[in-house]
Amino acid sequence: MSKESVAGTSQSQSQSASSSSATGSSSLSSAGSSTVILESVHSQDLAAIPEVEEPPKPWGRLWALENGFWNLDCLNNEYWFGRDKSCHYSFDHPVLKRKEHFKSYSKKHCRIIREKGPGSTFVVYIEDHSSNGTFLNGQIIGKDRRLPLYNNAEIAINHELHKVFVFSDLTTDDQLNLPKGFRDKYIISKTLGSGVCGEVKLAFEKANCKKVAVKIVHKPKFAQLVTERGDADSKCCASNVATEIEILKKLDHPCIIKIEEVFDFEDSFYIVLDLMEGGELFDRVVRSKRLKEQTTKLLFYQMLLAVQYLHDNNITHRDLKPENMLLENNEENCLIKITDFGLSKIVGETSLMKTLCGTPTYLAPEVLLGAGAGSYSKAVDCWSLGVILFICLAGYPPFSDQIKDMTLRDQIIKGHYKFISDYWANVSEKAIDLVKQLLNVDPEKRLSTQDALNHPWMQDEDMKQKAKQLMYARPELMLPPSTSDQPSTSRKRPHEEDSLSSSKRPTLSSLNKTVAQE
């Protein structure tokens, strides 16, 4: 077919279509026998394209900190919380009813309100309407009183340690200064702790709202520390991060902190870890003065299993201490996990190490005798476990720099410590015997982790069963939010026992005073 024929055909079809259009319909032939009828529609007969309303954006979010609670996006200017079913956020759910705290929640426990402030600003408050208290960042608000609710504020009910929410102010974006790769996946929240080279923050995974801990390690601070100090400790510190990451990636045990993910940015590491909301074992011992023997046994059994797992994988921790033992929650019987592998080293064929690192109070005699030049084995961890067991049972350390007639070094090398009768009167002979055998100055005669697990004090089947339940428990599912809109007008319950007030964190020196006084 010639170009003229094609052009003529196209022109003819165009004229035909125009003609049909005037009558309101057109028939258009296609290859084959099918015919498609196109109906024309006058545009003036159509309604305007509707504008799609965007859903309202929340001004705040409550992140749930405890299993059984759920997250809440704040859209309204008032929210009531309590046991009453008509509260906006009702605690009347099966999972929460099984918790020991449930009965002490008030029917109308607290209220969050958002009010117009100066100009076009808004101010958010939390009000306490309970008998047993609502706490903001560890401070009790007081019945019928209110406090401003700021970004990353922590809310606890009934007791300062019963933390249930962290509040995020969604009207301000403080995430923009975070590296994009991390910001795309996580929302950062309050600071949990800090150290020389970095800090640990609470964070939430965007996809499933899972709570995690994020260890942020600033690379320049490492370099500065090495430059300023240049000693063995700083060299350990300079290589800690990479070592800890590589070790933790390979480990899989319920009583060892697990790395979820690592972000390696130009000036920092962002290490995503398990979140342990019960804090350090050290703080638990200080608050309780000393732990019950049965509680200690449950926790120590988990420690032994974890350290045995490390040793079976040719890893020696070298810095075991109560500060590196983290508790899952604030319950008396809970899961415990070992953390901080910055001083760890994978042991070679000789199973010997020659680097002097660690915390002096918990160091084994052979480490001090070697002073960095000697050799020592995995038995150093068993000595540290003995020190930890001693502190949990008695509430004071076996070795102290506050003893005036003997240096701390000599106390450790000679195995010089005292069982002060007032503190050990109610501790069983089997427990004391295990302490003695772990604190044997001769590493060859010191109990191994397996020996300790076989010790008579550890032969408690009820305790072992409880430990397994904690170690392999299934996490509770998040509950859906309540659909109630109005708070209850029912009367509140009678006043119950007041919560304990917060106190400043003590240090090891507070435990040492016990030894010095004796």
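Our subject is the structure that appears above.
Trainee: Mind showing me how you'd approach the overall build of the protein chain here?
Mentor: Across its full length, the protein chain holds 15 helices and 23 strands. Each of the 518 residues in the protein chain was classed as buried or not, and the buried ones make up 48%. Sequence separation of at least 24 residues holds for 61% of the intrachain contacts in the protein chain that already meet a minimum separation of 6. A total accessible area of about 27400 Å² is found for the protein chain, and carbon and sulfur atoms account for 50% of it.

Trainee: When you look at unusual backbone geometry in this model, what are you seeing that I'm missing?
Mentor: Leaving glycine aside, a negative phi is the common case for residues, and trans is the common case for peptide bonds. Positive phi is not limited to glycine here, since Asn 152 has a value of about 70°. Summarising the element assignment, Asn 152 is placed in the loop between strand 11 (145–148) and strand 12 (154–157). In this model, Asn 314 sits at a positive phi of 60°, which is unusual for a non-glycine residue. Residue position: Asn 314 is located in the loop between helix 7 (293–312) and strand 20 (315–316). Under the relative-accessibility criterion, Asn 314 is labelled partly exposed at 35%.

Trainee: Could you clarify how one ought to interpret the pairing of strand 7 (residues 110–116) in this entry?
Mentor: Two faces make up the sheet, and in a regular strand the side chains alternate between them. With five of seven residues buried, strand 7 is to be regarded as a mostly interior element. In this sheet, strand 8 (residues 122–128) lies alongside strand 7 in antiparallel orientation, the contact comprising seven bridges. Looking at strand 8, one finds that Arg 111 is bridged to Glu 127.

Trainee: Help me understand the nonpolar core, please; the structure alone is not making it clear to me.
Mentor: Across soluble globular proteins, nonpolar side chains show a tendency to be buried alongside one another. Counting residues in each nonpolar core, the largest one holds 78 residues, and the members touching the most others are Leu 251, Leu 281, Phe 300, Met 303, Trp 424 and Leu 434. Apart from the residues within four sequence positions on either side, Trp 424 is in contact with Phe 390, Leu 393, Ala 394, Tyr 396, Lys 418, Phe 419, Ile 432 and Val 435. If you look at the next biggest cluster of nonpolar residues, it comprises 28 residues, including Phe 81, Leu 149, Ala 153 and Ile 157.

Trainee: So what exactly am I meant to see when it comes to the packing of helix 7 against helix 9 (residues 379–394) here?
Mentor: In a packed pair of helices, the relevant descriptors are the angle between the two axes and the axis-to-axis distance. At a minimum axis separation of 10 Å, helix 7 and helix 9 run at an interaxial angle of 165°. As summarised for this structure, helix 7 and helix 9 are arranged roughly antiparallel, according to the angle between their axes. Where helix 7 crosses over helix 9, the handedness of that crossing is right-handed. Contacts between helix 7 and helix 9 involve Glu 293, Thr 296, Phe 300, Met 303, Leu 304, Val 307 and His 311 on the former and, on the latter, Asp 381, Cys 382, Leu 385, Ile 388, Leu 389, Cys 392 and Leu 393. Each residue belonging to the contact of helix 7 with helix 9 can be placed in one class, and the counts come to 10 nonpolar, two polar and two charged.

Trainee: Would you mind showing me how to read the pattern of salt bridges here?
Mentor: When the charged atoms of two side chains lie near each other, side chains of opposite charge can form a pair. Using the criterion set out here, one finds 20 salt bridges in the structure. The residue Asp 92 makes a salt bridge to Lys 85 at a minimum N-O spacing of 3.7 Å. Accessibility expressed as a relative area gives 58% for Lys 85, which makes it exposed. Take Asp 92: its relative accessible area is 17%, and that puts it in the buried class.

Conventions adopted
Residues numbered from 1 in each chain as written. Predicted model: local features only at pLDDT ≥ 70, side-chain atom pairs only at ≥ 80, totals over all residues. Heavy atoms only, no water. Helix = DSSP H or I, 4+ residues; strand = E, 2+ residues; numbered from the N terminus. Buried < 20%, exposed > 50% of the residue type's maximum accessible area, 1.4 Å probe, protein only. Contact = heavy atoms within 4.5 Å. Areas by Shrake-Rupley, 256 points an atom, 1.4 Å probe, with all protein chains shown as cover. Pairing = 2+ DSSP bridges. Core = buried A, V, L, I, M, F, W, Y, C linked by side-chain atoms within 4.5 Å. Axes fitted to C-alpha atoms, helices over the stretch in contact; angles between N-to-C directions. Parallel < 35°, antiparallel > 145°, perpendicular 65-115°, else oblique. Left-handed = near helix turned anticlockwise from the far one by under 90°. Nonpolar A, V, L, I, M, F, W, Y, C, P; charged D, E, K, R; others polar. Salt bridge = Lys/Arg side-chain N within 4 Å of Asp/Glu carboxyl O.

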